[in-house]
Amino acid sequence: MGAGTEPAEARRDASEGRVYLDHNATTPLAPEAAQAVRDAMCQAWGNPSSSHPAGRKAKELIGSARESLARMVGGRPEDIVFTSGGTEANNMVIHTARRHFHESQARLGDSWGTPHIVTSSVEHDSIRLPLEQLVKESLAETTFVPVSPRSGRAEVDDVFAAIRPTTCLVSIMLANNETGVIMPVTELSQRVHALNQRRAAEGLPRILVHTDAAQMIGKGRVDVQELGVDYLTIVGHKFYGPRIGALYVRGPGTTTPLHPMLFGGGQERSFRPGTENTPMIAGLGQAAELVSKNWEAYEAHMRDVRDYLEARLEASFGKQRIHLNSHFTGSKRLCNTSNFSILGPGLQGRRVLSHCKMLLASVGAACHSEKGDRPSSILLSCGIPYDVAQNALRLSVGRDTTRADVDLVVQDLVQAVAQLDQDQAL
């Protein structure tokens, strides 16, 4: 832990005196992963489909990375399909569920109607938008289950209340990117599995279960056997790897359906054709190795620093002035995430950040950063009042964030708020 795990400039940019606390948006490349990318670029440049030594070397490197990813999530190497990133993996699952529904319907000679998909109201856009598009084109029906304002979670009973005879997929993220709340995916999978046995007897379509684990990997335990899911999305740049991803599929094409969205040269067993990006896959494999070996130490360190951050905020601003938006009774959350609001007029999150001289952070998901001062829809979904949500800041610590960094950041926030308070008083 600490030295050697993250480039120092990623944590604190010495030239600007900045402290980076936006690790849920992206993480810097671990030096070991960067080295693996460089080595592959220079030494494994052959086409992995070629049978000569240069091609075989690249193919071996990809096979080794596949093993590393499988080990990280508790699956088998053949269950890992490399993708360009999380967006592609998520779209692939939705595409597969629809295709499987129609194929099952044709095979059984039944007419179930339009496929129905259940998800939560706080998913990443790469789940929400494809589903909204399918609804718009009348190709699928979707239920967006609201999260409970008490727990911040998509509760299993609420998800089950949304299931219909035509439901073919349930997709619930493992942990939310803004609040850090961890969803009850294990319990959900167990109940869907039991339900599927009854549905099969009734001639109804199988419900597939997917979780987007982008935020959880590298910050907590991720084991596909324990989770019991059919699909799990892996995103490299959230755990100090390069900007590619993978999809875990429990027995792709056999136990669990997987339909390609692209057609081409047959790479990735034709599930995801296109000449493999060997250097990035090598880097992803190395990042996965680091997670497998060190995730418990990473988790303990980040939790300690995050808890220290929240204690310092309350000590510096007073408990009455800090609203912790990610504290929900009985819910677990990511070890590194703190979503909070500094209460008071004129302290919208974006304004506070613009007055900070050191802190690099965000008001919510990076994908929504162009939406002005409109509060996060995710926070509003979780029952956070509008004026409180408007002031929200999301700080996400990393593997190398220190308590000293936190002290600098809190000091920075105090001066920014003092400046805004003064402006407000004029």
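In this report, we go over the structure that sits alongside the text. Note that the structure is a prediction, hence the values are computed from the model and not measured.

### Re the overall build of the chain
Helices and strands together make up the secondary structure of the chain, namely 13 helices and 13 strands. The C-alpha atoms of the chain give 22 Å as radius of gyration, which agrees with the globular expectation for 426 residues (22 Å, within 12%). For the chain, the C-alpha atoms occupy an extent of roughly 70 × 55 × 35 Å along the three principal directions. Here the chain holds 45 positive side-chain charges and 47 negative ones, and the gap between their average locations is 2 Å.

### Quick look at the side chain of D212
Mapped onto the elements, D212 comes out in strand β7 (residues 208-212). One buried charged residue, D212, forms no salt bridge at all, with the nearest opposite charge on K238 at 8.7 Å. Of the polar contacts made by the side chain of D212, one reaches the backbone nitrogen of A214; its length is 3.0 Å.

### Regarding the packing of aromatic side chains
Counted by the stated rule, this structure contains 1 aromatic pair. Ring plane angle 55° and centroid distance 5.4 Å describe the contact between F101 and W112, whose orientation is recorded as tilted. One end of the pair, F101, is in helix α4 (residues 86-108); the other, W112, is in the loop between α4 and β4 (116-120), and 11 residues separate them in sequence. F101 gets classed as buried once you look at its relative accessible area, which sits at 1%. The ring centre of Y298 lies 3.9 Å from the NZ or CZ of R399, which sits over that ring.

What counts, and where the lines are drawn
Residues numbered from 1 in each chain as written. Predicted model: local features only at pLDDT ≥ 70, side-chain atom pairs only at ≥ 80, totals over all residues. Heavy atoms only, no water. Helix = DSSP H or I, 4+ residues; strand = E, 2+ residues; numbered from the N terminus. Rg over C-alpha atoms; globule rule 2.2 N^0.38 Å. Lys, Arg positive; Asp, Glu negative; His and termini not counted. Charge placed at Lys NZ, Arg CZ, Asp CG, Glu CD. Buried < 20%, exposed > 50% of the residue type's maximum accessible area, 1.4 Å probe, protein only. Salt bridge = Lys/Arg side-chain N within 4 Å of Asp/Glu carboxyl O. Polar contact = N/O pair within 3.5 Å; in protein donor to acceptor, adjacent residues only side chain to side chain. Phe/Tyr/Trp six-rings, centres within 6.5 Å; stacked < 30°, edge-to-face > 60°. Lys NZ or Arg CZ within 6 Å of the ring centre and 35° of its normal.

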